[in-house]
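# Secondary and tertiary structure notes
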Amino acid sequence: MSADQISIIIVEDEPEFRRRFAQIIDSEPTMRLAGVAANKREAQALIDREDFDVMLIDLGLPDGTGIDLIRNVSQRKPDVDIMVVTVFGDEQHVVSSIEAGATGYILKDSTPADVISCIRLLRAGGSPVSPVVARSVLRAIRSRMGGPGATSTSAPARSANAENNPLSARETEILQLLAKGMSFNEIGEILGISPHTVTAHIKKIYRKLAVHSRGEAVYEASQMGLLKT
Amino acid sequence: MTHCLNRRPCIPARPSPSLRTLGRAALIALALHAATAAAATLPIKKLEWSYVAPDAQAQADPSAPGTNFELPLRWPTEEGTPLRTVAMRLRFGLPAVPDRTWAVLLSHASEGGRLSINGKYIGTIPEESAWRHVAWRRPQMLSIDPSLLLEGDNELLIESRFGPGAHTLARVEVGPQGEIWNLYALQFFFEHTATWVGATVALITALIFGALWLERREAISRLLALAALFWLTGCAAALVEIMPQGLRPWVQLASIAATAGFMATLAITLMRLSSLARRREEWLICGYAALGPALCLASSLRAEPYLQLAWQPGLLLIVGVATGVGLYRRTQAGVASPHPLVLVAAVILLCAGLLDYASVIGLNSLDGVPAMNFAGPLMLLALAAPLIDGFIKTMHQAELARVELETRVREREQLLKRNFERLRESERVKVEAQERQRIMQDMHDGLGSQLMSSLMLVERGAVSNDQFAQILRESIDDMRLAIDALAAEDADLAAALGNLRFRMEPRLRAAGMELTWDARRLPEELGLHPDVVLPILRIVQEALTNALKHSRARAVRVTLGTEGSGESQSFDIRIADNGRGIAGERVGGRGLLNMRNRAQKIGAQLKLETAPNVGTTVHLRTRIGPANPSTRGQQTVLNTQAVIERARQQ
C-alpha cells in the first residue's frame, strides 16, 4: 500500500456494478479501494470513518438521493474528488451534482480503461466533460443569469446579472467548444494552451458552479429565515 | 254657436243643438249643454239699420226709422267702396230692471263700434278707420250697468263703420254678466284659442317633418311639412285681426293661398299614400289651387266673394276624389293605401269643409265655429301619427336588430374561440402523435431491429461471448444515439454529435486510428428539424463504424460546418479517412445502403467518394432554413408507409 496510491470509495446500490468498479480499481496498482457502501446510511458511516481521495457515487440510492452526500463531502473534505456514476441521458442530474460539488462523472458502462483514465484525469486536476453536459452547464449558467435579475430590467440589475455569471470569457469559450464536440487537445490547439490547462479550466468551472450554487443556497436560506445571521 | 239662430225662428229659452255632423257635435255638445243649461240670456233677433253722417246715404232726419233685418246678418261690400258709417239699433224688452250687472255679447261680429244702451255709452270695440282694418274673429263682450236698463223696452245702439270685404254679425245676446261670460269664454276658446292650438300643431308638424325631410329626403315628410306650413299661414292670417289698411289685401290673399295650398297638398299626399304618384294629375291639382289666389290678385280681390262660392268647392272636390281613391285602395288587398286614421280624418275634413261652405252660401247658420279650424289640425295629426308610429317602430326594429347582431357576434366569437381551441388541441395532439411516431420508428429502425437480428444469431448459437458483448454494446450505442437525439433540446445536433465522437474515439484509437473533430465552423445554434437529428447521427455513426471496421485507415477526420446562407444554407458533414477505400462490389453494401436510405428520407444529399489506397469520404449535406411544411407532410406520409411496408415484410 503505497502512499501515492489513490484511495477510492464506491457508493453504489447495484451489486453487479459495485463488483465491476471494485474489480477495475483492484486491478489497477496505482489505486486502492478504501471501502464500498450500498446505501446512504452506510455511505455516511464510511465517509466519517475513512480517509479517501476519490468518491464514486451513484445518485439513485435506495434511501435517498446521493446529492446530499456529495454536498456533505465537498464541504467537509474539499480535497476529495467526487465522481458521479451515471447512465446516459441523465445530463440534468449531472449538472445538479456538479452544483452540489461533484467534479467529474462517469458512465456506468464505461470500459475499465475509461474508468481508470477518468480517475487519473480528476486527480491530475482536470475534469472530464461530454458535449451534452457542457451544453447543459452552459444552459444552467444562462438560466441562472436570467434567474434572479429577471424580475427587473434596470441597468444595475443587468450588471448584477453579469456578476451572476461566475465564468470568465475563456471558460465560457471552452465550454462552447466542448459543447460542439471538440476534444481537450483540439481546444488547446485552437486556444493556444495545453490540453492540461483546458481540463484545469473545466475543473475550475465545476468548482465555481458549486460555490456559486452554494452561495445562492445560503442566500436563499437566509432569505427564508433558516439561517441565523 | 250651433244654436239655430238662422233665418227660421226658434225657441230662445231652449235652443236645441242641431245635429249637423257627428264629429262637430261631439266636440261641442258638451260645452253647449253647459252653456245652455243656465240659459237666462236674451238673444236679440232683429236690428234696425240706418246710415248716419258722415255717410253719403245718411238720411236728413236721424230719427227716421231705418231698414229692419233679421240676424244673422252678412253684408259683403265690393272692393273700392268707401268707408261707410252705420247705426244698428237692437231692441229688447225686460220684465224688470235686474239688480246685477248685465253684459252684451256680439258673436261673429266682424266689425267693431261704439255701443250704447238707452242712449248711454257703454263702451267701444276698435273699428274700421281710414288707416286701420279690423276683422274680428273673436267674440266681443261689454258689461252693462243695471242702472242703465229700463223696465220694458230697451235699445242697444251699435254705431259702426265698415269698408270693403265680407262683414258679419251673427248674433247679439244680452243677459246677466255671469251667463254671458260663460258663453263668451266658450266662443273665445273655439274661435280664437283653437286657432292658436291649430297653429301650434301645424308648427310642430312642420318642424318635425321638415327636419325629417332635410335628413331623409322622404317625399311624404316633405308634403306633410308643406301642408303644415300652409295651415300655419292660414292660422296666422286668421289671427291677425287688426292691421294697417295697406296690408289687408295681402293678408286676405295669404289666407286664400294657404287654404288652396293646404287642400292641394293634402290631395297629393292622399294620392301618394295610395301609391298613385301621377305627375300630370298633381300638376293639374296645383294649377287649380293656384287659380284662386291668381284670380284674386288679378282682380285686386274683387273676385274673392265669387271665388269663395265657385272655386273653393272645387278644392273640396279634389280632396274628396283623393279620399275616395284612398278608400278604394283600402278595399284592395296587397296595395299600399293610406292609414285608416288618415282616411277617417279626411272624411271629417270633407264634412267640415262642406259645413263651412254651407255657412258661406247661407244654407246653414252663420254663427257656428268654422269646422275646418278643427278638421285641419286633426288631419295633420292623422297624417303625422302613422309616420311617427312607423318611425318609432323602425327605431325599435333597429334596436332589436342591433341587439340581435350583438348576440350573433358574441355567439360567433365564442364559436371561433371554441374552434380555435379545438384546432389548437388537435394541433397539439398531432404534434404529440408525430413525436410518438418518430420515437416509435426510431426504436423500430434502430434498437428493435438490432435486438431482433441479435436474438436470431444467439438462438442459432453462432455467437461467441465476445461477439455477444459486441452486439449488446452496439445496441446500447444505438439506444444512446436515440436518447441523445431526444435529449438534444432545440435540435442540438452539435452536442449529440459530440457525444457520439466521445463514444467512438476510444474505439478508433484502439484500432490505431486518430480521430480529428473539426467543429470550428459550426454555429452555436443549428436550425434543424428534430426529425432529422437522429438520421444524421445514425449516418455519422454508420460512417465511423464503417471506417473502423473496413478502412484500415490511420486517421479519420470529421468536419462539421454550414455552407451558404439564407434559403440555400446547408449543414455539411464530411467523414474522411485515409484508408484503402471501398471496393467496387462493396459500394452497394448494406451499411452504405442504409446510409443512403436515411439521407433520402430526410431529403439530404449523400455523396461517397472512394479511391483504392487513397481513402473514403462520406459527404452529407442537409438543408437548413425554414422547414417546408408540404415536404414535411410528405415525409410523414412516406415514413408511415415505410413502417407499414416493413411491418408487412416481417
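Before going into details, it helps to say that this report is about the structure given with it. (Residues numbered from 1 in each chain as written. Chains lettered and ligands numbered in written order. Predicted model: local features only at pLDDT ≥ 70, side-chain atom pairs only at ≥ 80, totals over all residues.)

### A short note on the overall build of chain A
Filter applied, for reference: We count a stretch as a helix when DSSP gives it H or I for four or more residues in a row; a strand needs E for two or more, and each element gets its number in order from the N terminus. Here exposure depends only on C-beta density: within 10 Å of a residue's C-beta, 20 or more other C-beta atoms make it buried, 12 or fewer make it exposed, and intermediate numbers make it partly exposed, the C-beta atoms being placed from the backbone. Placing a C-beta atom from the backbone of each residue, one calls two residues in contact when those atoms lie within 7 Å.
A count of helical and extended segments in chain A gives 10 helices and 7 strands. Burial status across chain A gives 39% buried among its 229 residues. The long-range share in chain A, meaning contacts at least 24 apart out of those at least 6 apart in sequence, stands at 63%.

### Some words on the nonpolar core
For clarity, the threshold we go by: The term nonpolar core refers to a set of buried Ala, Val, Leu, Ile, Met, Phe, Trp, Tyr and Cys residues connected through C-beta atoms within 7 Å.
The biggest cluster of nonpolar side chains holds 100 residues, and the ones touching the most others in it are Met55(A), Leu56(A), Met83(A), Val137(A), Leu537(B), Val540(B) and Ile575(B). The element that contributes the greatest number of residues to this core is helix H12 (residues 530-551) of chain B, accounting for 10 residues. In contact with Leu537(B), other than residues within four places in its own chain, are Leu481(B), Asp484(B), Ala485(B), Ala496(B), Leu497(B) and Leu500(B). Phe190(B), Ala257(B), Met372(B) and Leu378(B) belong to the second-largest nonpolar core, a separate cluster that totals 61 residues.

### As for the packing of helix H3 (residues 219-239) of chain B against helix H4 (residues 248-273) of chain B
All names here are of chain B. Note the threshold: All axes are obtained by fitting lines to C-alpha atoms, using only the stretch in contact for helices, and the reported angles, taken between N-to-C directions, cover 0 to 180 degrees. Angle categories: roughly parallel below 35 degrees, roughly antiparallel above 145, roughly perpendicular from 65 to 115, and oblique for all the rest. Handedness of each helix crossing follows the sense of rotation of the near helix against the far helix: counterclockwise by less than a right angle gives left-handed, clockwise gives right-handed.
As a packed pair, H3 and H4 sit with axes 8 Å apart at the nearest point and diverge in direction by 155 degrees. Here H3 is positioned roughly antiparallel relative to H4, judged by the angle of their axes. When the axes of H3 and H4 are compared, the crossing they make is left-handed. Residue-level contacts link Ala219, Ile220, Leu223, Leu224, Leu226, Ala227, Phe230, Trp231, Thr233, Gly234, Ala237 and Ala238 of H3 to Val251, Ala254, Ser255, Ala258, Thr259, Gly261, Phe262, Thr265, Leu266, Ile268, Thr269 and Arg272 of H4.

### A few points about the sheet that holds strand S7 (residues 104-107) of chain A
Strand pairing in a sheet takes place through backbone hydrogen bonds and is either antiparallel or parallel in direction. All names here are of chain A. What counts here: Strands are treated as partners if at least two bridges between them are detected by DSSP.
Spatial strand order, S2-S1-S3-S6-S7: 5 strands in an open sheet with parallel pairing. Bordering the open sheet on either side are strand S2 (31-37) and S7, each of which pairs with just one other strand. Pairs of neighbouring strands in the sheet enclose a mean axial angle of 25 degrees, with direction left out of account.

### Observations regarding the interface of chain A and chain B
What counts is decided by this rule: Each residue gets one label: Ala, Val, Leu, Ile, Met, Phe, Trp, Tyr, Cys and Pro are nonpolar, Asp, Glu, Lys and Arg are charged, and the others, such as Gly, are polar.
Counting from both sides, the interface comprises 18 residues of chain A and, opposite them, 20 residues of chain B. Listed by contribution, the elements that provide at least two residues to the side of chain A that touches chain B are helix H6 (131-146), helix H8 (169-179) and helix H9 (184-191) of chain A. Tallied by class, residues from the side of chain A that touches chain B come to 6 nonpolar, 6 polar and 6 charged.

### A closer look at the sheet that holds strand S11 (residues 152-162) of chain B
Residues and elements named next belong to chain B. The strand order S3-S2-S5-S11-S7-S8 describes an open sheet built from 6 strands, whose pairing is antiparallel. Each having just a single partner strand, strand S3 (67-70) and strand S8 (120-125) make up the two edges of the open sheet. Going across the sheet, the axis of each strand differs from the next one's by a mean of 25 degrees, ignoring polarity. Across 4 bridges, strand S2 (residues 46-51) lies against strand S5 (residues 84-94) in antiparallel orientation. Directly across from Tyr51, in S5, lies its bridge partner Val86.

### Re H9(A)
Residues and elements named next belong to chain A. Defined as follows: In this description, one arc is meant: the one made by directions from the helix axis to the C-beta atoms.
Within H9, the full set of buried residues consists of Phe184, Glu186 and Ile187. The buried side chains of H9 occupy one side of the element, clustering within an arc of 160 degrees when seen end-on. Backbone geometry just downstream of H9 places Gly192 in the positive-phi region, at approximately 70 degrees.

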